[in-house]
Amino acid sequence: MVSRSFLFLQVLIMFSLAVIAFSDLSDDFYEDVCPEALPTIKRVVEDAVRKERRMGASLLRLHFHDCFVNGCDASVLLDQTATIDSEKTARANNNSARGFEVIDKIKSEVDKACGRPVVSCADILAVAARDSVVALHGPTWEVKLGRRDSTTASRTTANNDIPSPFMDLPALINNFKNQGLDEEDLVALSGGHTLGFAQCFTFRDRIYNETNNIDSTFASQRQANCPRSGGDSNLASLDPTAALFDSKYFSNLVSKKGLLHSDQALFSGGETDNLVKTYSTNLGTFSKDFAESMIKMGNIKPLTGNQGQIRVNCRRVN
């Protein structure tokens, strides 16, 4: 006769296995199954950034835009089909999000190194974002791994949930709060704009129509490459050193030289002013907080265990 204690032990083991299957992400997820995965991602990212420094900012942004839409599940990579409502055509991504070919290259090289598709596209996005920041002289951090890939996408959710460059501070705080991120995360992650560029249409209203919280000389300089009409895709750097991870983004905000309305909103007499000031003079503090907030953002609603899939092609569901 089977004892009660034995039955209890069996139930406990089954429960433990279930917990493991759907447990949190881990630092060493691929250590045994494919130890070459992370070095391969790093190599391809470094090659891409060496060819075009701007690509580092683009890969960082892809991870951000992925995580803010139903979690970090690589939905941002899916192309439009009869059944997939691609996020690539959402307002924040259309003719703007880039780096998809680099992700394709990483996926191809990683699957070759591993011998089969074992690394998810979602994990590739997370690691590529970290490696891009490091390649541009920013901080490093341990990326939690074990995400799986979605089988759906949502352009509508992308339109609703990716923060807009026209948002004011209360809207930004609420947007990040909806993702489980606080005001410190908002300021630290916005500091990702120490890298990269923005298109004219995203800051035109600020440089022509705002007067109270913008340096007039800065506005005039930006107007030279961003006319009142036309030139929507003309680029301007988000801070003076667009290919270097530093604290000048925050120094710009203190000087009323934030390019986007949503950037300057962080230093506009509100509750985030003090943190912006701190970051503007302390790169070490910003770097530490940025890394911690990136880990936190990377943990937004990941698919794990038997959820989702490991895509063979990051652009298509298996």
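Everything here concerns the structure above.
Predicted model, so just to flag it, every value in this text is computed and none were measured.

Engineer: In this structure, what is going on with the overall build of the chain? I would like to understand it.
Structural biologist: Counting its secondary structure elements, the chain contains 14 helices and two strands. What you see for the chain is a C-alpha radius of gyration of 21 Å, in line with the 20 Å of a compact globule of 318 residues. Projected onto its principal axes, the C-alpha coordinates of the chain cover approximately 85 × 35 × 35 Å. Taking all 318 residues of the chain together, the buried fraction comes to 50%.

Engineer: Help me understand the environment of asparagine 178 in this model?
Structural biologist: Among the secondary structure elements, asparagine 178 is positioned in the loop between helix H7 (169-177) and helix H8 (183-190). For asparagine 178 and aspartate 161, which are 17 residues apart along the polypeptide, the C-alpha to C-alpha distance reads 8.7 Å.

Engineer: How should I be thinking about the pattern of salt bridges in this particular structure?
Structural biologist: Side-chain pairs of opposite charge can arise whenever the charged atoms involved come near each other. Under the criterion given, the structure shown has 20 salt bridges. Notably, a salt bridge pairs arginine 43 with glutamate 109, separated by 3.3 Å at the nearest N-O pair. Within this pair, whereas arginine 43 is found in helix H2 (residues 37-51), its partner glutamate 109 is found in helix H4 (residues 100-114), the two being separated by 66 residues in sequence. Take glutamate 109: its relative accessible area is 13%, and that puts it in the buried class. Among the charged side chains, a salt-bridge network with shared partners connects Arg43, Lys105, Glu109 and Lys112.

Engineer: How should I be thinking about the packing of aromatic side chains in this particular structure?
Structural biologist: Describing an aromatic ring pair means giving the distance of the ring centres and the angle of the ring planes. All told, the structure shown has 12 aromatic pairs when counted by the stated rule. Connected via pairs of aromatic rings, a cluster forms that spans Trp141, Phe245, Tyr249, Phe250, Tyr279, Phe286 and Phe290.

Engineer: Would you explain H7 in this entry?
Structural biologist: Note that an α-helix has 3.6 residues per turn; residues three or four places apart therefore point the same way. Looking at H7, one finds that the buried residues are Leu169, Leu172, Ile173, Asn175 and Phe176. The buried residues of H7 occupy an angular sector of 160° when projected down its axis, which confines them to one face. Exposed residues lying more than 90 degrees from the buried face of H7 are Pro170 and Lys177. In this structure, the buried residues of H7 make contact with helix H3 (54-67), helix H6 (155-161), H8 and helix H12 (261-264). Its side-chain oxygen 3.2 Å from the backbone nitrogen of alanine 171, aspartate 168 forms the N-cap of H7.

Engineer: Can you walk me through the environment of cysteine 314 in this structure?
Structural biologist: Positionally, cysteine 314 belongs in the segment after helix H14 (283-298). Once the C-alpha coordinates of cysteine 314 and alanine 122 are considered, the two residues, 192 residues apart in sequence, prove to be 8.8 Å apart. When residues no more than four places from it in sequence are discounted, the contact partners of cysteine 314 are Leu77, Leu78, Ile103, Lys107 and Cys121.

Engineer: How should the state of the cysteines be read in this particular structure?
Structural biologist: Throughout this description, disulfide means a covalent bond between two cysteine sulfur atoms. Counted under the stated rule, the structure contains four disulfides. There is a disulfide in this structure between cysteine 34 and cysteine 114, and the S-S distance comes to 2.0 Å. The disulfide joining cysteine 34 to cysteine 114 has a torsion of about -85° about its S-S bond and is therefore left-handed. One end of the pair, cysteine 34, is in the loop between helix H1 (4-21) and H2; the other, cysteine 114, is in helix H4, with 80 residues separating them in the sequence. Both residues of the pair, cysteine 34 and cysteine 114, belong to the buried class.

Engineer: Just to check I follow, could you spell out H14 for this structure?
Structural biologist: Here H14 is 16 residues long and its end C-alpha atoms lie 22 Å apart, about the 22 Å a rise of 1.5 Å per residue gives. Considered for burial, the residues of H14 that qualify are Phe286, Ser287, Asp289, Phe290, Ala291, Ser293, Met294, Met297 and Gly298. Summarising the contacts, the buried residues of H14 are in contact with H3, helix H5 (121-135), H8, helix H11 (248-254) and helix H13 (273-281).

Rules of the game
- Residues numbered from 1 in each chain as written.
- Predicted model: local features only at pLDDT ≥ 70, side-chain atom pairs only at ≥ 80, totals over all residues.
- Heavy atoms only, no water.
- Helix = DSSP H or I, 4+ residues; strand = E, 2+ residues; numbered from the N terminus.
- Rg over C-alpha atoms; globule rule 2.2 N^0.38 Å.
- Buried < 20%, exposed > 50% of the residue type's maximum accessible area, 1.4 Å probe, protein only.
- Salt bridge = Lys/Arg side-chain N within 4 Å of Asp/Glu carboxyl O.
- Phe/Tyr/Trp six-rings, centres within 6.5 Å; stacked < 30°, edge-to-face > 60°.
- Arc of directions from axis to C-beta.
- Contact = heavy atoms within 4.5 Å.
- Polar contact = N/O pair within 3.5 Å; in protein donor to acceptor, adjacent residues only side chain to side chain.
- Disulfide = S-S within 2.5 Å.
- Expected span 1.5 Å × (residues − 1).

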